[in-house]
Amino acid sequence: MAENTAKTSRLLLLLFIFFFFFFSSCRCSGNEVELLLSIKSSLHDPLQTLFNWNLSLSFCQWRGVVCDSSSHVSKIELSGKNFSGELPESFFRFPHIEALDLSNNQLSSEIPISISSCLSLRYLNLSNNNFTGKIPEGWTNPKLQVLDLSNNMLSGKIPDGIGGLMGLRFLDLGGNLLVGRIPKSISNMTNLQFLTLASNGLTGEIPRELGLLKSLKWIYFGYNNLSGEIPNQIGELNLLNHLDLVNNNLTGEIPSSFGNLTNLQYLFLYLNKLSGPIPRSIFGLKRLVSLDFSDNFLSGEVPELIIKLENLEILHLFSNNFTGKIPNALSYLPHLQVLQLWSNSFSGEIPQNLGKQNNLTVLDLSTNNLTGKIPDSLCESGLLFKLILFSNSLEGEIPRNLSHCKSLKRIRLHNNKLSGELSPEFTKLPLVYFLDVSSNELSGTISQRKWDMPELQMLNLARNKFFGSLPDSFGSDKLENLDLSENMLSGGIPASFGKFSELMEMKLRKNKLSGEIPEELASCKKLVSLDLSHNQLSGLIPSSLSEMPVLGQLDLSVNQLTGEIPEDLGKVESLVEVNVSYNRFHGHLPPTGAFLAINSSAVAGNSLCGGDSAAGLSPCKGVGTPVWWLLITCLLVVLAILVLAALVFAFVKRRSDSELKRVENEDGILELQFFDSKVSKKITVNDILSSMKDENVISRGRSGVSYKGKSSNMNRIQFTVKEMNQINSFPARFWTGMAELGKLRHPNIAKIIAMSRSEKSGLLVYEYIEGKSLREVLGGLSWQRRLKIAIGIAKAVRYLHSRSPAMPAGDLSPEKIVIDGRDEPHLRLSLPGTTWPDTKLHVASGYVAPETRDTKNISEKSDIYGLGLMLIELLTGKSPGDNELLGEHESIVEWARYCYSDCHLDMWVDSSIKGSAVEKQNEIVATMNLALHCTATDPAARTCSGEVVKTLVSFTRSRSCVLGL
C-alpha cells in the first residue's frame, strides 16, 4: 500500500514538473521568425537598423540577433539605435532568450507585465528610454542577474515583489520618478553586488536589512529624499567598494562602523544634514581613493591620523563647521590631487610643505580664517590648475614659484592681505583664463611689464594700490570681464581697449584716469556694463557710445566731462541704467530711453534741464544767441513775441491733453483721460462706447468684461476695452496708479491708451495685440523662439524695475503674456492696488513667491520669482499646476532643483525641444541654473532683472557656456 502511494506521489510530481515547463514554454513559445518580424513592424526605425531583417537571410544573421548552438535566439542587442514607439511584448516570448538590451533608445509606454513571464532571461537592460507607469509586480525569475531600468520616467513605488529576484547581481532603478520607501524585501537578494536607486523621490529611512546583503560592492542612493540616520549595519558589508548617499536629508553622526569597510574606495555623503566629528575609524580605510563629506554640519578638528589614507586622491570637506589647523599630514599623502576645504573655520597657516609630495591639481581653501604666507611648494607637481584661497587673512607676496606654474588656469586670491608687486612672469601664465587678486594690498605698476595671457577671460585687480598708466593690452583677445577699479591708476584710457571684442563688463571706477573717453570703446559690441565713474575724465561723451547694441549700464559720474549729453544716447533700447552726476554737462536731458524716469541723484551736480519730474531738474528755457549787438533789441522783441505765443500754445495744448473729457451716458457723467495725445485724435469716445456689444466680447471675468473695438476713422485702429465692475470698492490710489501705468512705453508691455470712470463703472482701454497667450502657444515653440520670449519679458521687467520708484509687474503667469505673430511677447500688467479683486486670485495661484502668499505684497523680488517660474515652464513645459506629475515634490521649484541637481537633461526638458537639447545643451542647462537663482527661497538671494537680461542675451551672442551668476 505504501509502495503504491509513493509511486502515485512520484507520478504527480512528474506531472507537475511537466505542466510547469509546458506552461512556461507556451508563454515563451512561438515561431521565432514571426516574433522578430512582428518586432520589426512595431518599432519606428529611423536609422534603418533592421534593414536586413528579411527572409533572404537566416534570422541568426539579422543585425542585433545572436543565436545559441541550437539556432535559437539567445540574445537581442539593439542599444542606441534611436528606436521609438511602444515596447513590443514579442521580445519576451522567445523560449531561449538570455539577454535583451534595448538601452539608449526612445521607446515609450508602460513596461508590459509579460516581462516576468520568460524565465530564461539572465540580462535585461531597458535604461535610457521614455518608459512610464509603474515597475511591474510578480518578479519570479530565478535566473535574472542584471536588471537595468534606469533613466526612464517610471513612477510609483518600488514593488515589494522585486525581492523575489534572488539571483540578481545588478539592479539599477536610478533616474526615474519613483517614490515611497525602499522595500525591506530587497534584503532577499543575497547575491546582489550593485544597487542603484539614485535620482528618484524615495523617502523614509534606509532599511537596516541592507546589512544582510553581504555581497554588495556598490550602493548609490543619492539625490532622493531619504531621512533618518545612516544604519550602522552598512558597516557590516565587508566587500563594499563604493558608498554614495549624497543629496538626501540624512541626519545624525557618521557611523563609526564604517571603519570596518576595509575594501571601501569611494565614500560620498555630501549634501546631507550630518553632524558631529569624523569618526576616527574612518582614517583606517587605507584603500580610500575619494572622500566627500561636504555640505553638512560636521564639526571638530581633522586629526593628523589622516596620514593613514595613503591612497587618497580627492578630499572634499567644504561647507561644514570644521575648526583647528589644516593637518600637516595632508602634505605627505603621495596621491592627493584635489583638496577642497573651503567655507569652514580652519585657522593657522597653510601647511608649508603642502604640494611637495602631492600631485595637487585643485586646491581650494577659501573662506576660512587662515593666516601667514602662501607656501612656495603648492605647484611642485607641475599639475596645479585651480588655486582658490580667497577670503582669508593671508599676507606677504605671491610666491615666485607660482609665477612659473604653467599649468595654472584659475587663480582666486582676493580678499586677503597680500602685498608686493606682480612679478613679470605672473603676467605671462599661458593657460590662465580667470585671475582675481582684488581686495588686497598689492602695489606697483601694471603697464611696465608685458601681459601675455592668451586665454584670459576674466581679470580683476580692483581695490589694491596699483599705480601708473594702463597697459595697451593684456595679451588676450578673449577678455570678457575687466575690473581695475579703486586703485591709483592714472593717464588716459588706451584707444586699444576698443579691440576687446568679447568684453562684456569694464570697471575703471575710482582711479585717477584723465583725458577723453576714446571713441574706440564703441567697438566693444558686446559690452553690457561700463563704469568710468570717480575719475578725472574730461571732454565730451563720445556720440559713438550710442551705437553700442547691448550697453545696459553706463556710469560716468564724478568726472570733469563737459558739453551736452548726446541725443542718440537715450535711444539705445538696451540702456536702462545711466549715471552722469557731478560732471559739467549742460543742456537738456534726452527725452527717451533710460533718461525718461532717471533718478535725480543720477543727474545731480550738472547744469542740465528737462526730464521727468523724478529727475528733479528745472524745465528747459529757450535762450536766444546774439549775433551782433546792434540787433539785440530787435531780436529780443521778436523772441518775446514768439516765446509768448509758444507759451500760450503749450499751455492750451497741455491743458487740452491733460483735461478729462466728459461724456454723459446712462451711468452718469463719464470721465475719459487719454495717455497718448496722438491716439486720442484717432480714437473717439464714441468708438469706445460703441464697441461694448455682446458680439465684441473677448473674455468675461470676476473683474468685468473685455471687448474688442475699432476706431471709426480711416486708420481703423484696434483696441481692447475692459469694463470694470464694483468701482466703488477700488482704493483711491488705484486711479493714480493707473495714470502711472499709462506713462509706460516699452515694446514688450501692453500699452494702456486711456481710462475712464463714472459713478457706477470704469473703463480701461488697451492697445489690441493680435496673438495668443503663452499658455496656448508654448507646446509648438522651438527653443530659439522660447529664448526670444524669455528675453522680451525679462526686458519688460527690467524696464519696470529701473523706474523711480521701481514698479513691480505683479502677475507673470503665461495667461498674462500675449505672443504676437513675430514671436514678440507682450506683458499685460497687473492693475495697481492691493485690494483689487484679482489680487486674491493672484496670491492663491502658483506663480507667486512664497513671501507674497503670506504678506500679499508684490515686490521686485517677487517679480524675479515669477520670472524664474516662467523660465522653468519654458524649459520643461510644466506649470505650477502640474504638481501631480512632479511626484512627491512640494512645488515645481523643488522638482526643478531635484532634476537639475543630477543633470539628467532628457528627464526634465520639454519633449518638444528635446531635438535642440544636444546642440543647445549649454544654453538650456544655464537657463535652468538662472531660473533656480531667480526662485531662491530667500528673496535677497535672487538675482536682479538686469542680470537676468544680460545672461539670456549672452546666449544669442555665444553658443558656449555663459558666465556663472
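Because the structure is a prediction, the values reported are computed rather than measured. (Residues numbered from 1 in each chain as written. Predicted model: local features only at pLDDT ≥ 70, side-chain atom pairs only at ≥ 80, totals over all residues. Heavy atoms only, no water.)

## A short note on the sheet that holds strand 12 (residues 201–202)
If you trace the 3 strands from one edge of the open sheet to the other, you get 8-10-12, paired in parallel fashion. Strands at the two margins of the open sheet, each flanked by one partner only, are strand 8 (155–157) and strand 12. By the bridge criterion, 3 bridges tie strand 8 to strand 10 (residues 177–180) in an arrangement that is parallel. By the bridge assignment for strand 10, Gly-156 is matched with Leu-178. (Pairing = 2+ DSSP bridges. Helix = DSSP H or I, 4+ residues; strand = E, 2+ residues; numbered from the N terminus.)

## A short note on the packing of aromatic side chains
Under the definition given, this model contains 11 aromatic pairs. Measuring from centroid to centroid gives 6.5 Å for Phe-268 and Tyr-270, while their planes differ by 55°, and the two rings are tilted. For the pair Phe-268 and Tyr-270, one class covers both residues: buried. Centre to centre, the rings of Phe-322 and Phe-346 are 6.2 Å apart; their planes meet at 20°, and the pair counts as stacked. Taken together, the residues Phe-322 in strand 22 (residues 321–323) and Phe-346 in the loop between strand 23 (338–340) and strand 24 (347–349) connect sequence positions 24 residues apart. (Phe/Tyr/Trp six-rings, centres within 6.5 Å; stacked < 30°, edge-to-face > 60°. Buried < 20%, exposed > 50% of the residue type's maximum accessible area, 1.4 Å probe, protein only.)

## Focus on the pairing of strand 44 (residues 584–588)
Where strand 42 (residues 560–563) and strand 44 come together, 2 bridges link them in parallel fashion. The partner of Thr-562 across the bridge, within strand 44, is Arg-584. Inspection of the sheet shows strand 44 paired to strand 45 (residues 607–609) by 3 bridges, in the parallel sense. Paired with Gly-587 across the two strands is Leu-608, which belongs to strand 45.

## Some thoughts on the packing of helix 12 (residues 860–876) against helix 16 (residues 921–934)
One can describe the packing of helix 12 onto helix 16 by two numbers: an axis separation of 8 Å at closest approach and a directional angle of 150°. Taken together, helix 12 and helix 16 sit at an angle that is classed as roughly antiparallel. Considering only the axes of helix 12 and helix 16, their crossing is left-handed. Within the contact between the two elements, helix 12 uses Ile-864, Tyr-865, Gly-868, Leu-871, Ile-872, Leu-875 and Thr-876 and helix 16 uses Ile-924, Thr-927, Met-928, Leu-930, Ala-931 and Cys-934. (Axes fitted to C-alpha atoms, helices over the stretch in contact; angles between N-to-C directions. Parallel < 35°, antiparallel > 145°, perpendicular 65-115°, else oblique. Left-handed = near helix turned anticlockwise from the far one by under 90°. Contact = heavy atoms within 4.5 Å.)

## Observations regarding the pattern of salt bridges
Counting across every chain of the model gives 15 salt bridges. Between Glu-505 and Lys-950 there is a salt bridge, with its nearest N and O atoms 3.9 Å apart. With Glu-505 in strand 37 (residues 505–507) and Lys-950 in helix 17 (residues 945–957), this residue pair connects regions lying 445 residues apart in the sequence. Close ionic contact of Glu-947 with Lys-950 constitutes a salt bridge, the shortest N to O distance being 3.2 Å. You can see Glu-947 and its partner Lys-950 sitting in helix 17, 3 residues apart, about one turn around the helix. (Salt bridge = Lys/Arg side-chain N within 4 Å of Asp/Glu carboxyl O.)

## What to know about helix 16
Along its 14 residues, helix 16 runs 20 Å from first to last C-alpha, staying within 8% of the 20 Å computed at 1.5 Å per residue. Within helix 16 the residues assigned to the buried category are Glu-923, Ile-924, Ala-926, Thr-927, Met-928, Leu-930, Ala-931, Leu-932 and Cys-934. (Expected span 1.5 Å × (residues − 1).)

## What to know about the side chain of Asn-416
Note on placement: Asn-416 falls in the loop between strand 29 (410–412) and strand 30 (417–420). Among the residues examined, Asn-416 registers a relative accessible area of 8% and is labelled buried. Within the structure, Asn-416 has its side chain in polar contact with the backbone nitrogen of Asn-392 (distance 3.2 Å). Not counting the four nearest positions on each side in its chain, Asn-416 is found in contact with Leu-389, Phe-390, Ser-391, Asn-392, Ser-393, Leu-394, Ser-439 and Asn-440. (Polar contact = N/O pair within 3.5 Å; in protein donor to acceptor, adjacent residues only side chain to side chain.)

## Thoughts on helix 12
For helix 12, built from 17 residues, the straight-helix expectation of 24 Å at 1.5 Å per residue is met to within 8% by its first-to-last C-alpha distance of 25 Å. Of all 17 residues making up helix 12, 15 are buried, and the element is well covered by its neighbours. One or two steps after helix 12, the chain reaches Gly-877, where phi turns positive at roughly 80°.

## Some details on the sheet that holds strand 45
In space, the 10 strands of this open sheet follow the order 28-30-32-34-36-38-40-42-44-45, with parallel pairing throughout. Two strands close off the open sheet at either side, each with one partner strand: strand 28 (395–396) and strand 45. In this structure, strand 30 lies alongside strand 32 (residues 441–445), joined through 2 bridges in parallel fashion. Note on strand 32: the bridge partner recorded for Gly-420 is Leu-442.

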